[in-house]
Amino acid sequence: MAEKFDVVDVIKVKRDGGVLPDDHIDWVVDAYTRGVVADEQMAALAMAIFINGMERPEIARWTDAMIRSGETMDFSSLGKPTADKHSTGGVGDKITLPLAPLVASYGVAVPQLSGRGLGHTGGTLDKLEAIPGWRADLTNDELMTILRDPGCVICAAGTGLAPADKKLYALRDITSTVDCIPLIASSIMSKKIAEGTDSLVLDVKVGSGAFMKDEAMARELARTMVDLGKDAGVDTVALLTDMSVPLGRCIGNALEVRESVEVLAGGGPEDVVELTLALAREMLSAAGQPDADVEKALADGRAMDTWNAMIRAQGGDPEAALPTARHTHDVVADADGVVTELDALALGVGSWRLGAGRARKEDPVQAGAGIELHVGLGDTVTKGQKLFTLHTDDEDRFERALESTLPGVAVEADGVAPERKVIIDRIS
């Protein structure tokens with residue numbers, strides 16, 4: 001059967017700064033998914049989009065075409081509202097772990113289809129796989145059963161959701177077209193809209209440890225994704241949040257699970273608690289509970305009960321001891337002073353080099369590896385005081401981890417730490 005269009009003509013429209021018509025977009029996404037459009041041709045189109053951008057209707061149609069490349073999920077049979085959260089990723093970003101059970105404890109279904117880490121940003125599934133017995137891969141029937149009770153699930157996304165995105169993402173990764181707002185926004189939102197949730201809260205990170213280092217670009221990405229959600233009929237808001245400093249005091253898989261459980265027990269670092277509560281309020285408000293007292297669910301143990309039930313439902317043992325690394329190395333202050341810098345990227349790369357992350361998607365990760373911070377930005381420290389501890393199963397990794405972490409941590413005698421605002425803005 002003859003194809004409807006010639007891919008060279010489609011590329012030419014965007015190469016010359018034109019607007020792709022709907023039928024061109026529908027055809028090229030479908031033809032690429034079917035293998036009719038070759039990788040090198042889609043790479044040329046992606047680069048043309050990277051250079052010339054896309055208008056809002058183009059991005060909406062591109063996103064819709066990627067959704068239609070696969071299956072969509074339907075949670076209407078649950079008989080309760082559904083809410084989801086997506087983070088653009090950062091260092092120490094374990095927010096999904098306490099957030100999902102917190103929101104579910106109010107009778108809202110939370111289907112968190114999550115991914116694995118690549119590079120310095122940790123993957124939610126990698127963190128949870130540190131829990132003995134826990135499994136990420138669920139059938140659709142298992143997913144629906146767990147969403148009924150206890151009401152939240154964190155699992156791997158099936159291959160059937162937006163397969164065009166999976167194929168295009170791999171291509172963008174090797175053709176230097178990842179950093180492109182229309183393609184990032186459509187990639188994230190095609191999967192989230194295909195997921196079929198009623199409402200979506202986006203956590204768009206900005207700062208050294210984030211995908212978007214520049215606030216103006218992060219803001220544009222947030223605005224684009226909120227618009228895409230609304231165009232598709234999904235109630236969508238975004239919080240612009242700080243990722244210049246790691247979230248919390250732990251970076252690494254089992255370490256972050258431990259810290260998440262501390263939050264669910266009513267403790268934990270202030271910034272992790274603040275962001276968890278803010279996102280929970282947004283999700284519950286979208287689900288019709290704008291006055292929910294989210295602090296109460298952490299204080300009275302409801303959220304912890306829901307967490308324990310979710311972990312058990314996915315084969316895990318919430319009471320089991322978490323893995324610990326075989327070797328540790330403490331870094332201490334060499335003088336009195338104030339902590340003026342804890343650079344998220346430097347510490348994220350350090351944790352990755354210790355074995356907490358992967359360079360290629362098939363690489364294994366160490367459950368116990370990572371970095372434990374003993375101080376926060378602005379803390380006063382004395383000479384010899386512990387600043388942070390490195391954890392790894394392989395002592396040979398310490399040297400390279402220190403090469404990245406040490407330049408990112410500063411203690412100054414008369415220093416003043418920069419003001420840090422965890423939540424920068426709300427975009428709706």
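Scoring rules and cut-offs
- Residues numbered from 1 in each chain as written.
- Predicted model: local features only at pLDDT ≥ 70, side-chain atom pairs only at ≥ 80, totals over all residues.
- Heavy atoms only, no water.
- Buried < 20%, exposed > 50% of the residue type's maximum accessible area, 1.4 Å probe, protein only.
- Helix = DSSP H or I, 4+ residues; strand = E, 2+ residues; numbered from the N terminus.
- Arc of directions from axis to C-beta.
- Contact = heavy atoms within 4.5 Å.
- Phe/Tyr/Trp six-rings, centres within 6.5 Å; stacked < 30°, edge-to-face > 60°.
- Pairing = 2+ DSSP bridges.
- Axes fitted to C-alpha atoms, helices over the stretch in contact; angles between N-to-C directions.
- Salt bridge = Lys/Arg side-chain N within 4 Å of Asp/Glu carboxyl O.
- Lys, Arg positive; Asp, Glu negative; His and termini not counted.
- Polar contact = N/O pair within 3.5 Å; in protein donor to acceptor, adjacent residues only side chain to side chain.
- Expected span 1.5 Å × (residues − 1).
- UniProt positions renumbered as here; feature names shortened; annotations may be inferred.
- Core = buried A, V, L, I, M, F, W, Y, C linked by side-chain atoms within 4.5 Å.

Peer 1: Just checking my understanding: could you explain helix H7 (residues 140–148) for this structure?
Peer 2: Along an α-helix, residues three or four positions apart point the same way, because every turn accommodates 3.6 residues. When H7 is considered as a whole, its buried residues turn out to be Leu 143, Met 144, Ile 146 and Leu 147. Buried residues in H7, looked at end-on, bunch into an arc of 165 degrees, giving them a common side. Buried residues belonging to H7 abut strand E2 (110–114), strand E3 (152–156) and helix H14 (302–313).

Peer 1: When you look at the packing of aromatic side chains in this model, what are you seeing that I'm missing?
Peer 2: Aromatic ring pairs are defined here through the distance separating the ring centres and the angle between the ring planes. Inspection of the entire model under this criterion finds one aromatic pair. Between Phe 5 and Trp 27, the aromatic rings sit 6.0 Å apart at their centres with planes inclined by 65 degrees, giving edge-to-face as the arrangement. Highlighted residues: Phe 5 in the segment before helix H1 (7–15) and Trp 27 in helix H2 (residues 22–34), separated in sequence by 22 residues.

Peer 1: Can you help me understand the sheet that holds strand E1 (residues 83–87) in this one?
Peer 2: Backbone hydrogen bonds are what pair the strands of a sheet, in a parallel or an antiparallel way. Read across the sheet, four strands follow the order E1-E4-E5-E13 without closing on themselves; strand pairing throughout is mixed. Whereas interior strands pair on both sides, the edge strands pair on one side only; in this sheet they are E1 and strand E13 (423–427). Shown here is a sheet whose adjacent strand axes are inclined to one another by a mean of 20 degrees, direction ignored. Relative to E13, strand E5 (residues 235–242) runs antiparallel, the two being bridged by four bridges.

Peer 1: Is there a simple way to think about the pattern of salt bridges in this case?
Peer 2: It is possible for side chains bearing opposite charge to pair when their charged atoms get close. All chains considered together, the criterion is met by 35 salt bridges. Among the salt bridges present, the one from Arg 34 reaches Asp 30, with a minimum N-O distance of 2.8 Å. Linking Arg 34 with Asp 30, this pair stays in helix H2, spanning four residues, or about one helical turn. The exposure class of Arg 34 is partly exposed, given its relative accessible area of 43%. Overall, the relative accessible area of 37% leaves Asp 30 in the partly exposed class. Between Asp 227 and Arg 56 there is a salt bridge, with its nearest N and O atoms 3.5 Å apart. Of this pair, Asp 227 sits in helix H10 (residues 215–231) while Arg 56 sits in helix H4 (residues 56–67); the two residues are 171 residues apart in sequence, bridging distant segments of the chain. Residue class for Arg 56 comes out partly exposed when judged on its relative accessible area of 43%. Each of the salt bridges in this network shares a partner with another, and the network as a whole consists of Asp 22, Asp 26, Arg 61, Asp 64 and Arg 68.

Peer 1: Sorry if this is basic, but what is going on with the side chain of Lys 85 here?
Peer 2: Relative to the helices and strands, Lys 85 resides in strand E1. Lacking a salt bridge, the buried Lys 85 has Asp 93 as its closest oppositely charged neighbour, with an N-O distance of 4.8 Å. A polar side-chain atom of Lys 85 sits 2.8 Å from a polar atom in the side chain of Thr 96. Among all residues touching Lys 85, those that are not within four sequence positions of it are Ile 95, Thr 96, Leu 99, Gln 112, Lys 192, Leu 200, Val 201, Asp 203, Leu 279 and Met 283.

Peer 1: Would you mind showing me how to read the environment of Ala 216 here?
Peer 2: Assignment of secondary structure puts Ala 216 in helix H10. The exposed category is assigned to Ala 216, whose relative accessible area is 55%. Separated by 53 residues in the primary sequence, Ala 216 and Pro 269 place their C-alpha atoms 28 Å from one another.

Peer 1: Honestly, helix H11 (residues 253–264) in this entry has me stumped. Any pointers?
Peer 2: With 12 residues, H11 should reach 16 Å at 1.5 Å per residue; the first-to-last C-alpha distance of 17 Å fits that figure. Burial analysis of H11 places nine of its 12 residues in the buried class, which makes it a mostly covered element. Those residues of H11 that sit buried are Asn 253, Ala 254, Leu 255, Glu 256, Val 257, Glu 259, Ser 260, Val 263 and Leu 264.

Peer 1: Hey, could you run me through the sheet that holds strand E9 (residues 370–373) in this one?
Peer 2: In spatial order, the strands read E6-E9-E11-E7; together these four strands make up an open sheet with antiparallel pairing. With partners counted over all chains shown, the strands left at the sheet margins are strand E6 (250–251) and strand E7 (327–332), one partner each. Strand direction decides the pairing type here: E9 and strand E11 (residues 386–392), joined by four bridges, are antiparallel. Paired with Leu 373 across the two strands is Phe 388, which belongs to E11. Contacting E6, E9 and E11, helix H15 (residues 344–356) runs over the sheet at an angle of about 130 degrees to E9.

Peer 1: Hey, could you run me through the UniProt feature "domain: Pyrimidine nucleoside phosphorylase C-terminal" (unreviewed entry) in the protein in this one?
Peer 2: Within the UniProt annotation, "domain: Pyrimidine nucleoside phosphorylase C-terminal" (unreviewed entry) is assigned to residues 338–412. Along residues 338–412 the backbone is 28% helical and 29% strand, and the end-to-end C-alpha distance reaches 5 Å.

Peer 1: Explanation requested: the nonpolar core in the structure shown.
Peer 2: For soluble globular proteins, nonpolar side chains are generally found buried alongside one another. Counting residues in hydrophobic clusters, the biggest one holds 72 residues, and the most contacted among them are Leu 102, Val 103, Leu 128, Trp 307, Ile 371, Phe 388 and Leu 390. Ranked by the residues each element gives to this core, the list is headed by helix H12 (residues 270–286), at nine residues. Those residues within four positions of Ile 371 in sequence are excluded, and the remaining contacts are Arg 249, Cys 250, Ile 251, Leu 255, Leu 347, Gly 350, Ser 351, Leu 354, Phe 388, Thr 389, Leu 390 and Thr 405. Counting residues in hydrophobic clusters, the runner-up holds 62 residues, among them Val 37, Met 73, Leu 161 and Leu 200.

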